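# Commentary on secondary and tertiary structure
Chain by chain, the residues run as shown.
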Amino acid sequence: MSQQSTGVSQQYIAGEWTDGDGSETFESINPATGESLGEFRQGTEEDIDRALSAADDAFEEWRALSYIDRAEYLWDIYHELKDRHEELGRVITEECGKEISEGKADVAEAWHMVEWAAGNARHPHGDVVPSEIPAKDAYMRRKPRGVVGCITPWNFPVAIPFWHMAVTLVEGNTVVWKPAEQTPRCGQIIAEMFEEAGLPEGVFNMVQGFGDAGNAIVEDERVSAVLFTGSAEVGHKIAGKVGAEPGKLAACEMGGKNGIIITEQADMDTAVHSAIMSSFKTTGQRCVSSERLIVHTDLYDEFKERYVSLAESVKIGDPMDEETFMGPVVDESQVEKFQKYNELAEKEGGEVLVDRAEPEEGELPAEFDGGHWVGPFVYEIEYDPELRCLQEEVFGPHVALVEYDGDIKEAIEIHNNTPYGLAGAIISEDYRQINAFRDYGEVGLGYANLPCIGAEVHLPFGGVKKSGNGYPSAREVIEAVTERTAFTLNNSREIEMAQGLSADITTSDD
Ligand code: ADP
């Protein structure tokens, strides 16, 4: 039971639903309509404190189970996610606004991650390592770190929590999770799944709330690792705080100012298709969405004409409708940020090519009057490495066309000239150009002849430079939430050392 009698959803701490310490509540808002989807208790530092104590207390018992026994709990969740695919896809779309195929893909991504984590319980967890000394057996073994704090964003409200928590739990850690404040209903449903799966009390805890609750996780000494996905601004603060604590680790995945290079060797259909998907899927609110299109002068005019014509006509509308390409943005602050950067681009010399930033009168049905709606904003701008509009992430359908002349090196230089390094794509029929981008593009995720979006859970995910330290995906999360032990066993009664080091003990009598 996750609601008190007043209908306000509660926190899940130490195996129980509770009002928690605070009296404040907050609402989940449907971004398409502005309607309330429910009221939620707002977690406090005291709630986080209780959740961390519960997780700390549960750790010894949880870590003592085998990997396979821990994974058993997650198989139940795997089946539930699959069985509720349609329903949860709609819940996601309703709460965060992305169109329905994206809502459903979010659920599929979640069960893929649970499948990976639970399946991996039966795979080797460490290495047998050769020793110079024949009588020695050497191993690398892994141990759970302890209490792991998971702080997640709204744009993949079911998938990302499982990216963080599935591997973390199977590896023997306990969890305190703070879902994004924009998507608490998804958080509630996930917590109910963990409750139904019957995890021992305190192994999984969820506290709904805002940044102050997240910060209370980050600053607590009982937390041994923090997994964070969200903005660079918050992520760097977290990495700084956690990095200053000996023995603690922060794995952060943040945004990008992602670019697509379209060379003179590009196939035009692939270029236009990939660019439109990269710019406008999820209404530009993926951390891998592309806000820079770097196009060779030889095909610039043709690309511009075809791209602009599609950007003028992509369908904005009801995210529940399978024909819709773009739904709303998540909230009003996102609308304001988008508008601010559109103005900045014009101020910095951008020539506007498509301005659907504010949907026209009658473009959307009246039921969406209270929602947070924007459309494509596309401009061309002469390249200048100092331009803020080419450097700073907007997280919306705000796209710059940049024309370049010269060879692939020029294009890669423009591409790399941002503080970020999450994702990037190249469109070219020339494998040498593709391989140059593969080798010199400063990205954690590279794509060739594809949109600059899309992730499968068994591939690494994460960025370089300001975009993060590349941890949050299946295999890499193991690195973040476990400690390695190099363990060496001597099978002989003699002690013999590597590197020719003497094992003789000499005394003054010798
Ligand atoms: P976004 O722009 O995607 O909303 P944020 O970085 O603001 O990204 O939020 C991502 C997650 O981080 C959310 O769960 C949010 O509540 C949490 N958060 C925000 N500020 C802090 C903070 N100072 N410390 C820890 N977590 C925070």
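Scoring rules and cut-offs
Residues numbered from 1 in each chain as written. Predicted model: local features only at pLDDT ≥ 70, side-chain atom pairs only at ≥ 80, totals over all residues. Near = placed C-beta within 6 Å. Helix = DSSP H or I, 4+ residues; strand = E, 2+ residues; numbered from the N terminus. Nonpolar A, V, L, I, M, F, W, Y, C, P; charged D, E, K, R; others polar. Buried ≥ 20, exposed ≤ 12 C-beta atoms within 10 Å, placed from the backbone. Domains from an automatic or database assignment. Contact = placed C-beta atoms within 7 Å. Axes fitted to C-alpha atoms, helices over the stretch in contact; angles between N-to-C directions. Parallel < 35°, antiparallel > 145°, perpendicular 65-115°, else oblique. Left-handed = near helix turned anticlockwise from the far one by under 90°. Pairing = 2+ DSSP bridges. Arc of directions from axis to C-beta. Core = buried A, V, L, I, M, F, W, Y, C linked by C-beta atoms within 7 Å.

### Some points on the site of the ligand
- Close to the ligand lie 16 residues; G211, G214, G230, S231 and V234 are nearest.
- The set of elements that each furnish at least two residues to the shell around the ligand consists of helix 7 (211–219) and helix 8 (232–243).
- Take the shell around the ligand: its biggest share by element is four residues, from helix 7.
- Classifying every residue of the shell around the ligand gives seven nonpolar, six polar and three charged.

### Observations regarding unusual backbone geometry
- In this structure, T283 is a non-glycine residue whose phi angle is positive, near 50 degrees.
- Residue placement: T283 occurs in the loop between helix 9 (268–280) and strand 14 (290–296).
- Judged by local crowding, T283 falls into the buried class, with 32 C-beta atoms found within 10 Å.
- Phi angles above zero are rare outside glycine, and Q499 is one such case at about 60 degrees.

### Overview of the domain arrangement of the protein
- Domain assignment breaks the protein into domain 1 (9–254 + 468–487) and domain 2 (258–448).
- On a C-alpha basis, the centres of domain 1 and domain 2 stand 31 Å from each other.
- Facing 17 residues of domain 1, the contacting portion of domain 2 comprises 20 residues.
- Mapped onto the side of domain 1 that touches domain 2, the elements with two or more residues apiece are helix 3 (85–96) and helix 4 (100–120).
- When its residues are assigned to classes, the side of domain 1 that touches domain 2 shows five nonpolar, eight polar and four charged.

### Structural notes on the packing of helix 9 against helix 10 (residues 297–313)
- Where helix 9 meets helix 10, the closest approach of the two axes is 10 Å, and the angle between their N-to-C directions is 45 degrees. One element, helix 9, and the other, helix 10, form an angle in the oblique class. The hand of the helix 9/helix 10 crossing is right-handed. From helix 9, M268, A271, V272, A275 and I276 reach across to helix 10, where they touch L299, E302, F303, R306, Y307, L310 and A311.
- Of the residues belonging to the contact of helix 9 with helix 10, the class tally is ten nonpolar, no polar and two charged.

### Points about the sheet that holds strand 6 (residues 126–129)
- With antiparallel pairing, three strands are arranged side by side in an open sheet as 6-7-22. One side of each edge strand has no neighbouring strand; the edge strands of this open sheet are strand 6 and strand 22 (482–490). Going across the sheet, the axis of each strand differs from the next one's by a mean of 20 degrees, ignoring polarity.
- For strand 6 and strand 7 (residues 136–144), the ladder comprises four bridges, and the chain directions are antiparallel. Counterpart to V128 in the pairing with strand 7 is Y139.

### Concerning helix 13 (residues 431–440)
- All of the buried residues in helix 13 are Q433, I434, A436 and F437. Buried residues of helix 13, viewed axially, fall in a sector of 160 degrees; they line one side. For helix 13, exposure combined with an orientation more than 90 degrees from the buried face picks out Y431, R432 and D439.
- Elements in contact with the buried residues of helix 13: strand 13 (258–262), helix 12 (408–416), strand 19 (423–427) and strand 20 (445–448).

### Focus: the sheet that holds strand 14
- The strand order 15-16-17-14-13-19-20 describes an open sheet built from seven strands, whose pairing is mixed. Strand pairing shows two members of the sheet lacking a second neighbour, strand 15 (351–355) and strand 20, which therefore form its edges. Going across the sheet, the axis of each strand differs from the next one's by a mean of 20 degrees, ignoring polarity.
- The pairing of strand 13 with strand 19 spans four bridges and is classified as parallel. Among the inter-strand pairings, I261 is bridged to a residue of strand 19, identified as I426.
- In the packing of helix 9 onto the sheet, contacts are made with strand 13, strand 14, strand 17 (398–404) and strand 19, and the angle to strand 19 comes to roughly 165 degrees.

### Some remarks on the environment of I453
- The residue I453 is located in the loop between strand 20 and strand 21 (464–465) in this model.
- The exposure class assigned to I453 is buried, which follows from the 21 C-beta atoms found within 10 Å.
- Here the alpha-carbon distance between I453 and E233, two residues 220 residues apart in the chain, equals 22 Å.
- Excluding residues within four positions of it along the chain, I453 makes contact with M277, S278, K281, R286, V288 and S289.

### Points about the nonpolar core
- Counting residues in each nonpolar core, the largest one holds 142 residues, and the members touching the most others are V114 and V226.
- It is helix 5 (residues 159–170) that provides the largest number of residues to this core, a total of nine residues.
- Here this core spans two domains, and each of domain 1 (9–254 + 468–487) and domain 2 (258–448) adds at least three residues to it.

### Structural notes on the environment of F437
- Structurally, the position occupied by F437 is in helix 13.
- F437 sits 97 residues away from K340 along the chain, and the two C-alpha atoms are 32 Å apart.
- Once residues within four sequence positions are removed from consideration, F437 is found in contact with I261, I412, I426 and G446.

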